[in-house]
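Structural description and commentary
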Amino acid sequence: MIYNFPEKGKFGKFGGRFIPETLIPAIEELEKSYTIYSKDPDFKQELSGYLRDYAGRPTPLYFAHNLTKYVGGAKIHLKREDLLHGGAHKTNNTIGQCLLAKRMGKKRIIAETGAGQHGVGTALASSVFGLNCEIYMGSKDVERQKLNVFRMRLLGAKVHTVTSGSQTLKDAINEALRDWIANVKKTYYVIGSVVGPHPYPMIVRDFQSVIGREIKQQSIEKFNGLPTAIVACVGGGSNAIGSFYPFIEDNEVSLYGIEAGGSGIRSGKHSATLVTGSIGILHGMLTYLMQDKVGQIMETHSISAGLDYPGVGPEHSFLKEKKRVIYKPCNDEEAIKAFKILSKYEGIIPALESAHAVSYGMKLAKKMNPKDNIVITLSGRGDKDVEIVQRHIVK
Amino acid sequence: MKPNNLNRIDKKFRELKNKREKALICYVVAGYPDIKTSEKIIDTLIESGADMIEIGIPFSDPIADGKTIQEALHSSLTLGITPQQCLELSERIRVKHPEIPLLIMTYSNILFRRGYDNFSRDAKKKGIDGFILPDVSIEESLEYVNAAKKNEMSTIFLVSPNTSELRLKMIIEHCSGFLYAVSVFGITGERQKFHKYTFAFIRKVRKLTKGKIPIAAGFGISQPEHVKNMIDAGADAVIVGSAIIRKIQETKTKKTSLALLSNYILDLKLACRENKKRS
């Protein structure tokens, strides 16, 4: 398929700008600046310099030979975003956006965070570029992810605890948007995933696409061709879009987005937005949502805080409807199993988010044969989740 | 257009103009503190001088609202209040008060979920006159405006102090009933006082609308003094929301609460009348 989206801020019917009028000038300014800087050689060079020397790009594509042997089937390769500075793919986006903010002359950065990875990513990027950073985090997440709260504070960020609504990621986004409305002139809102009003889903996708571009190059170097399939986890969906985007027109490459199945789809306690949700409007975008019959946004569930979001990037909604990407759920138990297997067989402790992709990747590999190559994007490392898994195993 | 063809909003503005008064628009959260009490509150507001009522349908993620309204919306949702119950409440109000303009204020997903057309038709049947959706930009409004128009619903759009002249003109084109001028940078909630930019903004809007559509100033207004200031700057109406909710919160347990609320509204309405002398 020929792919050239977004078109006028939309991915088909998805995306758009459902935001209060106060934010429109800010979003227009952002779009204008991004259009200029994304084509500016100086900007691009400075960005790739930071990604290389500060964040550690390119990240390796590692042939997981033990896991491949354990599963028996296609060769499994891991895209090691867990090795990126900050511990997750989030840094690709935060370096990009904070550099953009600096060029735009904004001194104050705000961001939301769920598990705290994007908060940490924004805090470290703000430190590098000398920007003031404030992070909004739901009080439930502050409680669950104390270590990341401490990390953000060490990095010089101010962390605001959000006590409204369900006190999780979606409420942190609400509060960040409210802050932005009130302080729109001097503040830059670094959104953490391919969500929100246009141009955010496009900007975040572009900054994360470095993952997919590297996969493409490394695949050719390592196995002289494109992968048979790429598997990535989807919460908001930034590491997945980043991995998929450079392959969308390569029809021979199957793309799989794995959502959090929580306690199981039938239990109703999950975050499998694309698998089970319906279309609606939240956080400035038209997209698939977890919502009830009358349009109230539902509380979601996942063992992994990073996937615990009732919406999804509008581009994913489009790719689902176009059937270019297949979206599947993976439940908590399966994710924990994959978490343990990868730790044991490859000596890599993955983030619980990434473990969802690993779990489905193993299933897929088993059905394929040894000449096939599967790439699983390991979006982050699992140090932050060790305690949660430990508690789960004891239980 | 003949006067008897005017909708309730236009009629109200015409009537007030003849009396040389400005409109007092009051916002309530349907189902706060409960459905029955919110009905009594609306009755009280109308009887005390409110010219129009905005009925807030709770939404789980109200990004344009401050703490006070957020908490009221959340409380209503916790009671399980549905958009349907809010429409039924509107219908009961309509029966008691045939002439008062009733507006629905909520977020786009509540209408989108039922379908813009379905929701507009249902609202029409219940006696609603228009919608205020703070998260619908004009870029995203085509389907909504068409559905609302078809069902004779006014579509009230918001403009803010940083809205460009070009956009203001575009918004005026799509807007009916009145233009909602957001007086501050920020979300709903009471302000002690307003800055100069607020009044400069109202004056600018006044100039650009050229009297084609009434202007209602909202966000942060809580005192008669604020009301006078907004009117002096050129507003045809003022919208009071958070301050009313806070009065209800504070006196939730006391029986005298409705009487106190009534006095408060009388004072605000008085400020809407006093401009007679000045103009």
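Residues numbered from 1 in each chain as written. Chains lettered and ligands numbered in written order. Predicted model: local features only at pLDDT ≥ 70, side-chain atom pairs only at ≥ 80, totals over all residues. Heavy atoms only, no water.

When helices and strands are tallied, chain A shows 16 helices and 14 strands. A globule of 395 residues ought to have a C-alpha radius of gyration of about 21 Å, and chain A, at 19 Å, matches this closely. The C-alpha extent of chain A, read off along each of the three principal axes, is 55 × 50 × 40 Å. Accessible area of chain A: about 14400 Å², with a carbon and sulfur share of 52%. The centroid of the 52 positive side-chain charges in chain A is displaced by 2 Å from the centroid of its 39 negative side-chain charges. (Helix = DSSP H or I, 4+ residues; strand = E, 2+ residues; numbered from the N terminus. Rg over C-alpha atoms; globule rule 2.2 N^0.38 Å. Areas by Shrake-Rupley, 256 points an atom, 1.4 Å probe, with all protein chains shown as cover. Lys, Arg positive; Asp, Glu negative; His and termini not counted. Charge placed at Lys NZ, Arg CZ, Asp CG, Glu CD.)

So, on to the confidence of the model for chain B. Model confidence for chain B is summarised by a mean pLDDT of 94, while 95% of its residues fall at 70 or above. On the interface metric, ipTM, the complex scores 0.96, and its pTM is 0.96. (pLDDT = per-residue confidence, 0-100.)

Residue and element names in this part refer to chain B. Read across the open sheet, the nine strands follow the order E5-E4-E3-E2-E1-E9-E8-E7-E6; overall the sheet is parallel. Taken across any chain shown, the strands that pair with only one partner, and hence form the sheet edges, are strand E5 (154-156) and strand E6 (158-159). The pairing of strand E7 (residues 179-182) with strand E8 (residues 215-218) spans four bridges and is parallel. What sits directly across from Tyr180, in E8, is Ala216. Running over the sheet, helix H1 (residues 8-19) touches strand E1 (23-29), strand E2 (52-56), strand E3 (102-105), E5 and strand E9 (237-240) and is turned about 145° from E2. (Pairing = 2+ DSSP bridges. Contact = heavy atoms within 4.5 Å. Axes fitted to C-alpha atoms, helices over the stretch in contact; angles between N-to-C directions.)

Residues and elements named next belong to chain A. Close contact between helix H1 (residues 24-37) and helix H9 (residues 200-208) brings their axes to 11 Å; oriented N to C, the two are set at 35°. For the crossing formed where H1 meets H9, the hand is left-handed. Of the residues in H9, those touching H1 at Ile27, Leu30 and Tyr34 are Tyr200, Met202, Ile203, Asp206 and Phe207. Of the residues contributing to the contact of H1 with H9, the split by class is seven nonpolar, no polar and one charged. (Left-handed = near helix turned anticlockwise from the far one by under 90°. Nonpolar A, V, L, I, M, F, W, Y, C, P; charged D, E, K, R; others polar.)

Take the sheet that holds strand E13 (residues 325-331) of chain A next. Residues and elements named next belong to chain A. The six strands lie next to each other as E3-E4-E14-E9-E10-E13, forming an open sheet whose pairing is mixed. The two strands at the open ends of the sheet, each matched to only one other strand, are strand E3 (61-63) and E13. Adjacent strand axes in the sheet meet at a mean angle of 25°, parallel and antiparallel pairs treated alike. With seven bridges connecting them, strand E10 (residues 254-262) and E13 associate as parallel partners. Paired with Leu255 across the strands is Val325, a residue of E13. Here helix H10 (residues 210-223) sits on the sheet and contacts E3, strand E4 (75-80) and strand E14 (373-378); the angle it forms with E4, its principal contact strand, is near 140°.

Right, let's get into the side chain of A:Lys384. Residue and element names in this part refer to chain A. Along the chain, Lys384 falls in the loop between E14 and helix H16 (386-394). Overall, Lys384 belongs to the buried group, its relative accessible area being 13%. Side chain to side chain, Lys384 and Glu353 meet in a polar contact 2.8 Å long. Of the polar contacts made by the side chain of Lys384, one reaches the side chain of Asp385; its length is 2.8 Å. When neighbours within four sequence positions are excluded, Lys384 is seen to be in contact with Gln117, Gln145, Asn148, Ala351, Leu352 and Glu353. (Buried < 20%, exposed > 50% of the residue type's maximum accessible area, 1.4 Å probe, protein only. Polar contact = N/O pair within 3.5 Å; in protein donor to acceptor, adjacent residues only side chain to side chain.)

Using the criterion set out here, one finds 22 aromatic pairs over all chains in the structure. Here A:Tyr256 and A:Tyr360 contribute two aromatic rings whose centre-to-centre distance is 5.6 Å and whose plane-to-plane angle is 40°, an arrangement assigned as tilted. Residue A:Tyr256 is located in strand E10, and its partner A:Tyr360 is located in helix H15 (residues 352-367); the two are separated by 104 residues in the primary sequence. Each member of the pair, A:Tyr256 as well as A:Tyr360, carries the same accessibility label: buried. Ring geometry for B:Phe13 and B:Phe178: centres 6.2 Å apart, planes at 70°, overall edge-to-face. Note that B:Phe13 is positioned in helix H1 and B:Phe178 in the loop between helix H8 (165-174) and E7, a separation of 165 residues in sequence. In this structure, A:Arg205 is placed above the aromatic ring of A:Tyr245, and the distance from its NZ or CZ to the ring centre is 3.9 Å. (Phe/Tyr/Trp six-rings, centres within 6.5 Å; stacked < 30°, edge-to-face > 60°. Lys NZ or Arg CZ within 6 Å of the ring centre and 35° of its normal.)

A separate point is the pairing of strand E9 (residues 229-233) of chain A. All names here are of chain A. Counting buried residues in E9 gives five out of five residues, a clear majority hidden from the surface. Judged by which residues are buried, E9 turns out to be covered on both faces: Ala229, Val231 and Cys233 on one side and Ile230 and Ala232 on the other are all buried. Note that E9 and E10 share five bridges and pair parallel. Looking across to E10, one finds that Ile230 is bridged to Leu255. For the crossover from E9 across helix H11 (residues 238-244) to E10, the handedness is right-handed. Taken together, the three bridges between E9 and E14 define a ladder with parallel strand orientation. Each residue of the ladder has a partner; that of Val231, found in E14, is Ile376. (Right-handed = clockwise from strand over helix to strand, strands pointing away.)

Glancing now at the interface of chain B and chain A. Each partner contributes to the interface: chain B provides 34 residues, whereas chain A provides 37 residues. For the pair chain B and chain A, the summed buried area comes to about 2900 Å², and 52% of that belongs to carbon and sulfur atoms. For the interface between chain B and chain A, the tally reads four salt bridges. Close ionic contact of B:Glu140 with A:Lys10 constitutes a salt bridge, the shortest N to O distance being 2.9 Å. (Buried area = accessible area lost by both parts, 1.4 Å probe. Salt bridge = Lys/Arg side-chain N within 4 Å of Asp/Glu carboxyl O.)

On the surface, A:Phe150, A:Leu154 and A:Leu155 cluster together into a nonpolar patch covering about 310 Å² of accessible area. Relative to the elements of secondary structure, A:Phe150 occurs in helix H7 (residues 146-154). (Patch = residues over 30% accessible without salt bridge, like charges linked within 9 Å, V, L, I, M, F, W, Y side chains within 5 Å.)

On to unusual backbone geometry, then. A cis amide bond links A:Arg57 to the next residue, A:Pro58, at an omega of -5°. By the element assignment, A:Pro58 lies in the loop between helix H2 (41-53) and E3. A cis amide bond, omega -5°, links B:Tyr32 with the succeeding residue B:Pro33. Of note, B:Pro33 is situated in the loop between E1 and helix H2 (35-48). Positive phi outside glycine occurs at A:Gln167, with the angle close to 60°. Inspection of the secondary structure puts A:Gln167 in the loop between strand E7 (158-162) and helix H8 (169-182). Notably, B:Glu152 is not glycine yet its phi reads approximately 55°, a positive angle.

A:Trp180, B:Leu45, B:Ile53, B:Phe131 and B:Phe178 are the most contacted members of the largest nonpolar core, which has 194 residues in total. When near neighbours in sequence (up to four residues on either side) are disregarded, B:Ile53 contacts B:Cys26, B:Val28, B:Ile42, B:Leu45, B:Ile46, B:Ile100, B:Pro101, B:Leu102 and B:Leu103. Ranked by size, the runner-up nonpolar core spans 36 residues in total, among them A:Tyr256, A:Ile258, A:Ile376 and A:Val389. (Core = buried A, V, L, I, M, F, W, Y, C linked by side-chain atoms within 4.5 Å.)

Residue and element names in this part refer to chain A. Of all the positions in H7, only Asn148, Val149 and Met152 are classed as buried. For H7, the buried positions fall inside an angular range of 105° around the axis, keeping them on one side. Across H7 from its buried face, at more than 90 degrees, point the exposed residues Lys146, Leu147, Phe150 and Leu154. On the buried face of H7, the contacting elements are strand E5 (108-113), helix H5 (117-129), strand E6 (132-138), helix H6 (139-144) and E7. Positive backbone phi, at 95°, marks Gly156, one or two positions downstream of H7. (Arc of directions from axis to C-beta.)

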